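Okay, here's what each chain looks like letter by letter:
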Amino acid sequence: MSRSFACEVCGATLDQLPRDPRCPDCRGPLSYQGVTTPEFVPTDLARRPPTMWRYREALPEVGTPVSLGEFMTPLLPLQAGSRQVLVKCEYQLPTGSYKDRGAAVLMSYLRQTGVRAAVEDSSGNAGAALAAYAARAGIHLRVFCPDSTAGAKLAQITLTGAALERVPGPRQEATRALREYLARTGAVYASHLWHPLFLVGVKTMAFEITEQLGWVAPAAVVCPVGAGSILLGLYRGFCDLRRAGRIPRLPRLVAVQSGLADAVYRAFTAGAEQVAPVFPSRPTVASGIALPAPARGKEVLQALRRTRGTVVTVDEDDILSGQRALAQAGFGVEPTSAVIWPGLLRLEHHMPLPAGAVVVCILTGHGLKSPAEPVMPHP
Ligand SMILES: [Zn+2]
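Residues numbered from 1 in each chain as written. Predicted model: local features only at pLDDT ≥ 70, side-chain atom pairs only at ≥ 80, totals over all residues. Heavy atoms only, no water.

## Description of the pairing of strand 12 (residues 310-314)
Thought 1: Most of strand 12 sits out of view: five of its five residues are buried.
Thought 2: Burial along strand 12 is two-sided: the face carrying Thr310, Val312 and Val314 and the face carrying Val311 and Thr313 are both buried.
Thought 3: Pairing of strand 11 (residues 252-258) with strand 12, which is carried by five bridges, proceeds in the parallel orientation. Bridge pairing in strand 12 places Val256 opposite Val312. (Buried < 20%, exposed > 50% of the residue type's maximum accessible area, 1.4 Å probe, protein only. Helix = DSSP H or I, 4+ residues; strand = E, 2+ residues; numbered from the N terminus. Pairing = 2+ DSSP bridges.)

Okay, structure coming up:
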């Protein structure tokens with residue numbers, strides 16, 4: 001099996017991943033180079049079960065996958081202001097977020113390489129996804145979460161038997177605590193931000209959207225961006241499809257950030273090549289995208305520029321209004337997901353698209369994970 005990895009910063013290549021899956025030379029992020037031109041045959045695909053594993057030509061050889069049933073998520077029409085868009089209902093995946101795609105591939109890989117225990121830090125959804133897939137894989141997971149993480153997400157983690165470490169302070173404090181633990185124990189770091197196999201799983205979202213559109217790429221895809229896992233998964237997936245000759249051009253990728261956690265927006269609009277962390281962190285209702293800066297910031301900026309995409313920021317009231325608007329159309333998503341609604345409305349000014357252009361919006365996390373509406377007494 002091909003297992004080659006390359007550093008995105010210094011270009012070093014390696015066949016085996018270290019326990020801390022960063023470049024041993026420069027600590028930069030690694031990417032998976034095993035398959036970059038998947039030879040999909042649509043007629044073969046049509047005979048396969050409707051799960052992300054149907055794209056096996058693009059995935060590493062992991063034996064029997066660690067699976068909880070990662071079915072193809074619905075792509076449904078939604079009227080958003082003056083534009084009709086398609087929403088990709090990733091919140092319907094097994095643990096209620098798109099992170100299941102990455103967790104399934106990552107845990108399959110770890111199990112196949114004989115790993116029995118691992119650690120992760122997360123604002124909640126990645127921890128919940130990795131905990132469920134670790135449980136399925138028979139791998140013991142320890143998850144470091146900010147103390148402020150929604151109770152439903154914490155319950156998702158602890159019920160699997162994973163060890164939960166609640167860390168006071170903002171998101172980056174959970175990472176700091178995890179790094180101390182890694183230094184002390186030498187544990188395997190199953191990071192959704194750093195482990196290159198996580199993004200390989202997220203790539204299947206791009207394949208699925210394209211297949212659902214009849215092997216035609218959309219004009220644009222709009223997604224929430226904190227660490228940029230969705231954006232990068234989509235970018236790499238669409239690049240694979242273009243290299244394989246399946247699509248002629250890449251969709252324009254649109255990142256939506258909270259105005260209170262806007263490091264990518266600042267770097268993009270300043271023309272920077274790297275994303276500088278924004279401190280101090282300010283709490284946002286979009287807790288899933290509240291990070292000082294992405295680990296793979298340079299590639300996030302490249303993905304936005306190479307696809308002629310853009311970044312928009314939205315404010316807190318608009319996020320909550322967006323959550324309500326989506327729910328009133330039947331889509332019950334968490335505030336982090338709901339940023340796409342005000343993001344779409346703002347996009348009309350930033351990056352006008354022709355009428356009729358196919359725009360896909362990613363709905364990332366389930367509303368039951370962090371309900372924002374207060375419970376009102378009966379009148
Ligand atoms: Zn390096």
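## Examining the sheet that holds strand 4 (residues 75-80)
Thought 1: The strand order across the open sheet formed by six strands is 4-5-13-10-11-12, and the pairing between neighbours is mixed. Every interior strand has two partners, whereas the edge strands, strand 4 and strand 12, have only one. Mean inter-strand twist for the sheet, computed between neighbouring axes without regard to direction, equals 30°.
Thought 2: The strands touched by helix 7 (residues 229-243) are strand 10 (220-224), strand 11 and strand 13 (359-363); relative to strand 10, the strand with the most contacts, the crossing angle is about 155°. (Axes fitted to C-alpha atoms, helices over the stretch in contact; angles between N-to-C directions. Contact = heavy atoms within 4.5 Å.)

## Side note on the pairing of strand 10
When a strand is regular, its side chains alternate between the sheet's two faces.
Thought 1: When you tally the buried positions in strand 10, you get five out of five residues, the bulk of the element.
Thought 2: Burial along strand 10 is two-sided: the residues Ala220, Val222 and Pro224 and Val221 and Cys223 are all buried.
Thought 3: Crossover connection from strand 10 via helix 7 to parallel strand 11: handedness right-handed.
Thought 4: Strand direction decides the pairing type here: strand 10 and strand 13, joined by three bridges, are parallel. Along strand 13, the bridge assignment pairs Val222 with Cys361. (Right-handed = clockwise from strand over helix to strand, strands pointing away.)

## Some points on the domain arrangement of the protein chain
Thought 1: Its domain assignment divides the protein chain into domain 1 (5-54), domain 2 (75-98 + 197-369) and domain 3 (99-189).
Thought 2: Between domain 2 and domain 3, the C-alpha centre-to-centre distance is 24 Å.
Thought 3: Listed by partner, the interface residues are 27 residues for domain 2 and 21 residues for domain 3.
Thought 4: Of the roughly 1,900 Å² buried at the junction of domain 2 and domain 3 (both faces included), carbon and sulfur atoms supply 53%.
Thought 5: Among the residues domain 2 hides against domain 3, the three largest losses belong to Thr95, Phe198 and Lys369. Together they make up 34% of the total.
Thought 6: At the boundary of domain 2 with domain 3, the tally comes to three salt bridges.
Thought 7: Here Glu334 and Lys153 are joined by a salt bridge, their closest N and O atoms 2.9 Å apart.
Thought 8: Among the elements that make up the side of domain 2 that touches domain 3, the one with the highest residue count is helix 6 (residues 196-212) (eight residues).
Thought 9: In terms of residue class, the side of domain 2 that touches domain 3 is made up of 13 nonpolar, nine polar and five charged. (Domains from an automatic or database assignment. Buried area = accessible area lost by both parts, 1.4 Å probe. Salt bridge = Lys/Arg side-chain N within 4 Å of Asp/Glu carboxyl O. Nonpolar A, V, L, I, M, F, W, Y, C, P; charged D, E, K, R; others polar.)

## A short note on the side chain of Arg22
Thought 1: With respect to the helices, strands and loops of the structure, Arg22 is situated in the loop between strand 2 (13-14) and strand 3 (30-32).
Thought 2: Classification of Arg22 by relative accessible area gives buried; the value is 14%.
Thought 3: Aside from chain neighbours lying at most four places away, what touches Arg22 is Arg27, Gly28, Leu30, Arg179 and Trp194.

## Quick word on the packing of aromatic side chains
Thought 1: Following the criterion strictly, the structure yields seven aromatic pairs and no others.
Thought 2: On the basis of an interplanar angle of 40° and a centroid distance of 6.1 Å, the ring pair of Phe40 and Trp215 is categorised as tilted. In this pair, Phe40 sits in the loop between strand 3 and helix 1 (42-45) while Trp215 sits in the loop between helix 6 and strand 10, placing the two residues 175 residues apart along the sequence.
Thought 3: Residue classification places Trp215 among the buried residues on the basis of a relative accessible area of 16%.
Thought 4: Geometrically, the ring pair formed by Tyr55 and Phe207 is tilted, given 5.5 Å between the ring centres and 55° between the ring planes. (Phe/Tyr/Trp six-rings, centres within 6.5 Å; stacked < 30°, edge-to-face > 60°.)

## Observations concerning the coordination of the zinc ion
Coordination angles at a metal have ideal targets, namely 109.5 degrees for four tetrahedral donors and 90 or 180 degrees for six octahedral donors.
Thought 1: The zinc ion binds to the protein through Cys7 (SG), Cys10 (SG), Cys23 (SG) and Cys26 (SG), with metal-donor distances spanning 2.2 to 2.4 Å.
Thought 2: Each of the four donor atoms around the zinc ion contributes to a set of angles spanning 99 to 120°, which defines the coordination as tetrahedral.
Thought 3: Read in sequence order, the donor residues for the zinc ion give the motif C-x2-C-x12-C-x2-C. Here the residue Cys10 occupies a position in the loop between strand 1 (5-7) and strand 2, and Cys23 occupies one in the loop between strand 2 and strand 3, the gap between them amounting to 13 residues.
Thought 4: We classify Cys10 as partly exposed; its relative accessible area is 42%. (Donors = N, O, S within 2.8 Å, 3.2 Å for Na, K, Ca; no water. Tetrahedral: all angles 85-135°; square planar, octahedral: opposite > 155°, others 65-115°.)

## Examining the nonpolar core
Thought 1: In this structure, Met107, Leu110, Leu141, Leu231, Leu234, Phe238 and Ile362 are the most contacted members of the largest nonpolar core, which totals 87 residues.
Thought 2: At nine residues, helix 6 tops the list of elements feeding residues into this core.
Thought 3: Counting residues in each nonpolar core, the second largest holds 30 residues, with Leu326, Ala338, Ile340 and Leu344 among its members. (Core = buried A, V, L, I, M, F, W, Y, C linked by side-chain atoms within 4.5 Å.)

## Things to note about the side chain of Asp100
Thought 1: For Asp100, the position within the fold is in helix 2 (residues 99-112).
Thought 2: Notably, Asp100 is buried but unbridged: the nearest opposite-charge side chain belongs to Lys369, and the N-O separation is 7.1 Å.
Thought 3: Each residue touching Asp100, except ones within four places of it in the same chain, is listed here: Leu93, Pro94, Thr95, Ala129 and Tyr133. (Lys, Arg positive; Asp, Glu negative; His and termini not counted.)

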